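Listed below are the residues making up each chain.
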Amino acid sequence: MRIVITSNYKVGNETGTAYVAEVLSKYLSKKHEVTYICFGKEFKVSKKIKNLIILTIPSIDISGFSFPLITPNVIFKTFKFLNEFEPNIVHSQNTLFISNLVQIWANLNNIPFLVTFHHIPTLAVEHLLPKFKKSLFSNLVQDLYKELSLKSFLKNTDQVIALNKLVENSIRKVNSTIPVQIIGNGLDLSKLLSIKIKTNMSKNIKFVFLGSYNERKNQEFLIKTFRNLPNNWNLNLYGNLSTNVAYVEKLKSLIKKYKLKNIFLNEYEKDVTRVFKNADFFISSSLKEAQSLAIIQSLAAARPVIGLENETVLTLIDNTNGLRCGSDINSKQFAKKIIDFVKKCNYKFISKESRKSALQFKIEDVVLKIENLYQSTRNSDSKNSRRNVGKYYQEIFKRIVVKK
């Protein structure tokens, strides 16, 4: 097959969506011709390895976020490339920007279009601004996204991949008839699975958290929690220190205010194997996580997870592989639960169970599921009944692009 994968991030971005898209593209290219379309400095087509082409769409960075420069010239070049590449399937990660662009091309050319949602679509505003107080305005923004963007996007989509049941339920609230299949994120876990299972915790217990420094990841709560934990328990945080400088400074101020000597803010670490080798537990207070890659990686490394309830913790963590706490507790209560858990847990047992629970996310197995879904979507006749590209868009893009 000839496959197009898209994401709204630059190559190497620390975001989980970007990582998953890149891994998926790489593994699919072992048997198929793949083009990965993403953000970049300029419109550029480059071939990195055999059967894998990377097409970058020009973008600009504003306050830690990237936005594409989708001009008529970029549209023309992108559509011209797609016409020449002739994909059999187009698979986007989330909606908006590049996803909308390639969806229109796929619809105009009657090519099956799939999307994987890496967030809860009916809670999109909460995902972007998790601490934004709920109000009539926030509800209006969410409703506008649903009515003006999401409904139309799904109507012109042939197949949805949901990471878990929670994502599927959210999609069903918007579109009750679209085909949805649950397939978790695929990760290259080979190095993590080779990490030795620890039989005992370190004397000075080591906790880690990997994630962008922002309000949604909620590192502030972890710092407040560690005020109430033993001084010889260490917390290492990892993320891009330059993405959200204001939040990083806030965290530094908190550490200084509470005079904590056992919390360390580290730069984003690509070698997660090294991080988990030195850890005893992964700890999270993230507010929204459709499916956290860092939690999956920690489980694969046989490092139990301690976390406040979010979508990932709720679906993956129980008393066999870690500690799951309600999201309504305060930092002092969280600390007490952690101390009780650490004292009583059978560390060797929960470490072994952690690894077992991560095996379902091995990229080799996930790719097989996705390949089968691609094939069944190609063979389906139902896509023609869902196509709803307006005449307005058809006329515009017919004028911009020479049809094949």
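What this report covers is the structure whose coordinates are included nearby. (Residues numbered from 1 in each chain as written. Predicted model: local features only at pLDDT ≥ 70, side-chain atom pairs only at ≥ 80, totals over all residues. Heavy atoms only, no water.)

Looking at the overall build of the protein chain
For the protein chain, the count of helices and strands is 17 helices and 15 strands. For the protein chain, the proportion of its 404 residues judged to be buried stands at 54%. Considering only contacts within the protein chain whose residues lie at least 6 apart along the sequence, 69% involve residues at least 24 apart. Accessible surface, the protein chain as shown: approximately 18,900 Å² in total, 52% of it carbon and sulfur. (Helix = DSSP H or I, 4+ residues; strand = E, 2+ residues; numbered from the N terminus. Buried < 20%, exposed > 50% of the residue type's maximum accessible area, 1.4 Å probe, protein only. Contact = heavy atoms within 4.5 Å. Areas by Shrake-Rupley, 256 points an atom, 1.4 Å probe, with all protein chains shown as cover.)

Brief notes about the packing of helix 11 (residues 293-300) against helix 14 (residues 347-358)
Running from amino to carboxyl end, helix 11 crosses helix 14 at an angle of 125°, the nearest separation of the two axes being 7 Å. Viewed along their axes, helix 11 and helix 14 adopt a mutual orientation that is oblique. Of the two elements, helix 11 crosses helix 14, and the hand of that crossing is left-handed. Between helix 11 and helix 14, the residues in contact are Ile296, Leu299 and Ala300 and Ser354, Arg355, Ser357 and Ala358, respectively. (Axes fitted to C-alpha atoms, helices over the stretch in contact; angles between N-to-C directions. Parallel < 35°, antiparallel > 145°, perpendicular 65-115°, else oblique. Left-handed = near helix turned anticlockwise from the far one by under 90°.)

Thoughts on a nonpolar patch on the surface
A surface patch of nonpolar side chains, amounting to about 640 Å² of accessible area, comprises Ile60, Ile62, Phe65, Phe67, Leu69, Ile70, Leu96 and Phe97. The topology assignment puts Ile62 in strand 4 (residues 52-62). (Patch = residues over 30% accessible without salt bridge, like charges linked within 9 Å, V, L, I, M, F, W, Y side chains within 5 Å. Salt bridge = Lys/Arg side-chain N within 4 Å of Asp/Glu carboxyl O.)

A few points about the pairing of strand 2 (residues 33-40)
Summarising burial for strand 2: 7 of the 8 residues are buried, a large majority. Note: strand 1 (residues 2-10) against strand 2, 6 bridges, orientation parallel. Looking at strand 2, one finds that Lys10 is bridged to Phe39. Taken together, strand 1, helix 1 (residues 16-28) and strand 2 form a β-α-β motif whose crossover is right-handed. (Pairing = 2+ DSSP bridges. Right-handed = clockwise from strand over helix to strand, strands pointing away.)

Quick word on the packing of aromatic side chains
Think of a pair of aromatic rings as described by two things: how far the centres are apart, and how the planes are tilted against each other in angle. Taken as a whole and assessed by the stated rule, the structure comprises 12 aromatic pairs. Between Phe113 and Phe153, the ring centres sit 5.6 Å apart and the planes meet at 80°, which makes this aromatic pair edge-to-face. Here Phe153 lies in helix 5 (residues 136-155) and Phe113 lies in strand 7 (residues 113-117), a separation of 40 residues in the sequence. Looking at Arg227, its charged tip hangs above the ring of Tyr258, at a distance of 4.0 Å from the centre. (Phe/Tyr/Trp six-rings, centres within 6.5 Å; stacked < 30°, edge-to-face > 60°. Lys NZ or Arg CZ within 6 Å of the ring centre and 35° of its normal.)

Let's talk about the packing of helix 8 (residues 219-226) against helix 9 (residues 245-257)
In the contact formed by helix 8 and helix 9, the axes pass within 10 Å of each other and the chain directions differ by 5°. As summarised for this structure, helix 8 and helix 9 are arranged roughly parallel, according to the angle between their axes. The residues of helix 9 that touch helix 8, namely those facing Gln219, Glu220 and Ile223, are Tyr247, Lys250, Leu251, Leu254 and Ile255. Partitioning the contact of helix 8 with helix 9 into residue classes produces 5 nonpolar, 1 polar and 2 charged. (Nonpolar A, V, L, I, M, F, W, Y, C, P; charged D, E, K, R; others polar.)

Some points on the side chain of Asp158
Secondary-structure assignment places Asp158 in the loop between helix 5 and strand 8 (159-162). A polar side-chain atom of Asp158 sits 2.7 Å from the main-chain amide nitrogen of Phe113. (Polar contact = N/O pair within 3.5 Å; in protein donor to acceptor, adjacent residues only side chain to side chain.)

Quick look at the nonpolar core
In terms of nonpolar packing, the biggest core is built from 61 residues, with Phe207, Phe334 and Ile338 touching the most fellow members. At 6 residues, the largest contribution of residues to this core is made by helix 11. Dropping the residues within four chain positions of it, Phe334 is found in contact with Phe221, Leu222, Thr225, Ile283, Ser284, Ile306, Gly307, Leu308, Cys325 and Ile329. By size, the runner-up hydrophobic cluster in this structure holds 36 residues, among which are Ile57, Leu82, Val102 and Val174. (Core = buried A, V, L, I, M, F, W, Y, C linked by side-chain atoms within 4.5 Å.)

Structural notes on the pairing of strand 15 (residues 322-325)
By the bridge criterion, 4 bridges tie strand 14 (residues 305-308) to strand 15 in an arrangement that is parallel. In the sheet register, Ile306 faces strand 15, and the bridge partner there is Leu323. Note that the unit made of strand 14, helix 12 (residues 311-316) and strand 15 has a crossover that is right-handed.

Focus on unusual backbone geometry
It is generally the case that most residues other than glycine have a negative phi and that most peptide bonds are trans. Even without glycine at this site, Asn51 takes up a positive phi of about 70°. A relative accessible area of 24% places Asn51 in the partly exposed class.

Observations concerning the environment of Phe85
Within the secondary structure, Phe85 sits in helix 2 (residues 72-85). Phe85 sits 83 residues away from Arg2 along the chain, and the two C-alpha atoms are 7.7 Å apart. Apart from residues lying up to four places away in sequence, Phe85 is in contact with Arg2, Ile3, Val4, Glu33, Val34, Thr35 and Ile53.

A closer look at the sheet that holds strand 14
Spatially, the 6 strands line up as an open sheet ordered 12-11-10-13-14-15, and their pairing is parallel. This sheet does not close on itself; its edge strands, each paired only once, are strand 12 (263-267) and strand 15. Going from strand to strand, the sheet's axes swing by 20° on average, the running direction of each strand aside. As paired elements, strand 13 (residues 281-284) and strand 14 share 3 bridges and run parallel to each other. In the sheet register, Phe282 faces strand 14, and the bridge partner there is Val305. Here helix 8 sits on the sheet and contacts strand 10 (206-210), strand 11 (234-239), strand 12, strand 13 and strand 14; the angle it forms with strand 11, its principal contact strand, is near 170°.

With respect to helix 2
Taking 1.5 Å of rise per residue, the 14 residues of helix 2 would be expected to cover 20 Å, and the 20 Å separating its terminal C-alpha atoms lies within 8% of that figure. Turning to helix 2, its buried residues are Val74, Ile75, Thr78, Phe79, Phe81, Leu82, Asn83 and Phe85. In the segment just after helix 2, Glu86 is the residue with positive phi, at about 55°. (Expected span 1.5 Å × (residues − 1).)

Description of the pattern of salt bridges
Opposite charge on two side chains permits pairing when their charged atoms draw close. Throughout the structure, instances matching the rule amount to 16 salt bridges. Among the salt bridges present, the one from Arg274 reaches Glu269, with a minimum N-O distance of 2.8 Å. By relative accessible area, which is 36% here, Arg274 ends up partly exposed. Between Lys336 and Asp340 there is a salt bridge, and its shortest N-O distance comes to 3.2 Å.

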